[in-house]
Amino acid sequence: MAREQVTEILAEMVANVMSIAVSQGDAIAVGDTVVLLESMKMEIPVLSDRAGTVRAIKVAPGDVVQEGDVLIEVVL
């Protein structure tokens, strides 16, 4: 049996999580918005850079994330 390939979508800056645009088990494509962050009164969409299936959501609305924090795990 092949081992699952898992990748992570990371926060690129310190920000507040405004909303989560996906659910566990959702299929996502390159360029899909997965999380909406807010920093300095600006909304910043976090886009998927790979196609796959959402394995886990590691944040919730209202969370404060640091640069490099895992937001979403994706199975390729």
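Provided above is the structure to which this section pertains.
Criteria and cut-off values
- Residues numbered from 1 in each chain as written.
- Predicted model: local features only at pLDDT ≥ 70, side-chain atom pairs only at ≥ 80, totals over all residues.
- Heavy atoms only, no water.
- Helix = DSSP H or I, 4+ residues; strand = E, 2+ residues; numbered from the N terminus.
- Rg over C-alpha atoms; globule rule 2.2 N^0.38 Å.
- Buried < 20%, exposed > 50% of the residue type's maximum accessible area, 1.4 Å probe, protein only.
- Contact = heavy atoms within 4.5 Å.
- Lys, Arg positive; Asp, Glu negative; His and termini not counted.
- Charge placed at Lys NZ, Arg CZ, Asp CG, Glu CD.

Caption draft 1: Seen up close, the overall build of the protein. Helices and strands together make up the secondary structure of the protein, namely zero helices and eight strands. Secondary structure elements of the protein occur, N-terminal to C-terminal, as β-β-β-β-β-β-β-β. For 76 residues, the compact-globule estimate of 2.2 N^0.38 gives 11 Å, and the C-alpha radius of gyration of the protein, at 12 Å, lies within 12% of that figure. C-alpha atoms of the protein, sized along the principal axes, occupy 45 × 20 × 15 Å. By the burial criterion, 33% of the 76 residues in the protein qualify as buried. Contacts in the protein between residues at least 24 apart in sequence constitute 54% of all its contacts with a sequence separation of at least 6. Positive and negative side-chain charges in the protein, numbering 5 and 12 respectively, have mean positions lying 7 Å apart.

Caption draft 2: Quick look at unusual backbone geometry. For Met40, which is not glycine, the phi torsion reads 55° and is therefore positive. Residue position: Met40 is located in the loop between β4 (33–39) and β5 (42–47). Residue classification places Met40 among the exposed residues on the basis of a relative accessible area of 74%. For Lys41, which is not a glycine, the phi torsion comes out positive at approximately 70°. Mapping Lys41 onto the fold places it in the loop between β4 and β5.

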